Amino acid sequence: MQPPEEHFKELEAILQKHAEALEADIRALQQADETAKWSSAWKQIYNWRFANAFARQKIFRNWGADAAAWGLLPERFYPNRGNQKG
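The rules behind these values
- Residues numbered from 1 in each chain as written.
- Predicted model: local features only at pLDDT ≥ 70, side-chain atom pairs only at ≥ 80, totals over all residues.
- Heavy atoms only, no water.
- Phe/Tyr/Trp six-rings, centres within 6.5 Å; stacked < 30°, edge-to-face > 60°.
- Buried < 20%, exposed > 50% of the residue type's maximum accessible area, 1.4 Å probe, protein only.
- Patch = residues over 30% accessible without salt bridge, like charges linked within 9 Å, V, L, I, M, F, W, Y side chains within 5 Å.
- Areas by Shrake-Rupley, 256 points an atom, 1.4 Å probe, with all protein chains shown as cover.
- Salt bridge = Lys/Arg side-chain N within 4 Å of Asp/Glu carboxyl O.
- Helix = DSSP H or I, 4+ residues; strand = E, 2+ residues; numbered from the N terminus.

Can you help me understand the packing of aromatic side chains in this one?
The geometry of an aromatic ring pair is captured by two quantities: the separation of the ring centres and the angle between the planes. For the structure shown, the criterion picks out 4 aromatic pairs. Consider the rings of W38 and W42, whose centres lie 6.2 Å apart with planes at 70°: the pair is edge-to-face. Classification of W42 as partly exposed rests on a relative accessible area of 48%. Arranged with centres 5.7 Å apart and planes meeting at 75°, the rings of W38 and Y46 form a pair that is edge-to-face. What makes Y46 partly exposed here is its relative accessible area of 22%. One aromatic cluster in this structure is built from W38, W42, Y46 and F50.

I would appreciate a short explanation of a nonpolar patch on the surface in the present structure.
A contiguous nonpolar patch, built from F8, L11, L15, I59 and W63 and spanning about 480 Å² of accessible area, is present on the exposed surface. Breaking the nonpolar patch down by element, the ones donating at least two residues are α1 (4–32) and α3 (58–69). The dominant element in the nonpolar patch, judged by the number of residues it contributes, is α1, at 3 residues. Inspection of the secondary structure assignment puts L11 in helix α1.

In structure tokens:
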């Protein structure tokens, strides 16, 4: 049995590796579909649907809820409503 600190170092490395790969895949898809050229209205819808797709994944939803409950997530402000549902 390894010490807890070692376990969490390995856990963090796994999460970081997969986060980088996930971000790279998503950025490549956004570039291929030229989402930067979409209208502001579509970008607003995109942001809502992206967050919805992310939250539908049970593992992210569960871990996100845990992080929120522990107060680990930063407060978010959306002054232009660009990241909120219509």
